[in-house]
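The residues making up each chain are set out below.
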Amino acid sequence: MSIRHGLLALLSRGPRYGYQLRAEFEACTGAAWPLNIGQVYTTLSRAERDGLVEPGEADEQGRVVYRITEAGRAEVGRWFGTPVAPSDRPRDELVIKLAMAVAAHPDALAVIQAQRTATMRTMQELTRAKRQADGDLAHRLVLDSMIFHAEAELRWLDHCEKGLS
């Protein structure tokens, strides 16, 4: 997901300051994707250049409210309507690491076991976080996705281990 599209989606709900956008972005993603405020303002500046947002007047504290334009609404609509292709996702470092371990490490099973332990720990932390999550559906959905990914990773690690046995 691009930060730009995430910010446009939030702006489609109404005008926001940069700090509001950052806080809402992190709340929606369960802080799984933390943003620094510089990223927010750089992204807003580029979106303004591209005609997707427009700044309002600065308030007495110097904060500028940004509004989405019609072009921005059309862009976020296209983004929501376009499925994410596997080729759009970054490379999976774990897949590369295990492939290299099988090819070049004297004990690839130890690499798998270390990852399994770390993934189990992560899954436990995510499960605890989900139990503690309030009624925020977006946050729970992010946690569910992360838990499902951890479960799939564990199944894949089991498959890798069987292949080495």
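Each remark here, short or long, concerns the structure printed above.
What you are looking at is a predicted structure, and each value in this text was computed from that prediction instead of being measured.

One way to put it is that helix 5 (residues 93–104) packs onto helix 7 (residues 137–164) with a least axis distance of 12 Å and a crossing angle of 10 degrees. Considered as vectors, helix 5 and helix 7 are oriented roughly parallel to each other. As helix 5 runs across helix 7, the sense of the crossing is right-handed. Where helix 5 abuts helix 7, its residues Leu94, Val95, Leu98 and Val102 lie against Glu153, Trp156, Leu157, Cys160 and Leu164. In terms of residue class, the contact of helix 5 with helix 7 is built from eight nonpolar, no polar and one charged.

The next thing to look at is the sheet that holds strand 1 (residues 16–17). As summarised here, the arrangement of the three strands in space is 1-3-2, forming an open sheet in which the pairing is antiparallel. Sheet topology places strand 1 and strand 2 (53–58) at the edges, where each strand pairs with a single neighbour. The sheet contact formed by strand 1 and strand 3 (residues 64–68) spans two bridges and is antiparallel. Among the inter-strand pairings, Tyr17 is bridged to a residue of strand 3, identified as Val65. Set on the sheet, helix 1 (residues 3–11) makes contact with strand 1, strand 2 and strand 3; between it and strand 3 the angle comes to about 90 degrees. Strands in contact with helix 3 (residues 37–49) are strand 2 and strand 3; relative to strand 2, the strand with the most contacts, it is inclined by about 115 degrees.

As paired strands, strand 2 and strand 3 are joined by four bridges and run antiparallel to one another. Among the inter-strand pairings, Pro55 is bridged to a residue of strand 3, identified as Tyr66.

Cut-offs and rules
Residues numbered from 1 in each chain as written. Predicted model: local features only at pLDDT ≥ 70, side-chain atom pairs only at ≥ 80, totals over all residues. Heavy atoms only, no water. Axes fitted to C-alpha atoms, helices over the stretch in contact; angles between N-to-C directions. Helix = DSSP H or I, 4+ residues; strand = E, 2+ residues; numbered from the N terminus. Parallel < 35°, antiparallel > 145°, perpendicular 65-115°, else oblique. Left-handed = near helix turned anticlockwise from the far one by under 90°. Contact = heavy atoms within 4.5 Å. Nonpolar A, V, L, I, M, F, W, Y, C, P; charged D, E, K, R; others polar. Pairing = 2+ DSSP bridges.

Functional significance is not addressed by these values, which are geometric in nature.
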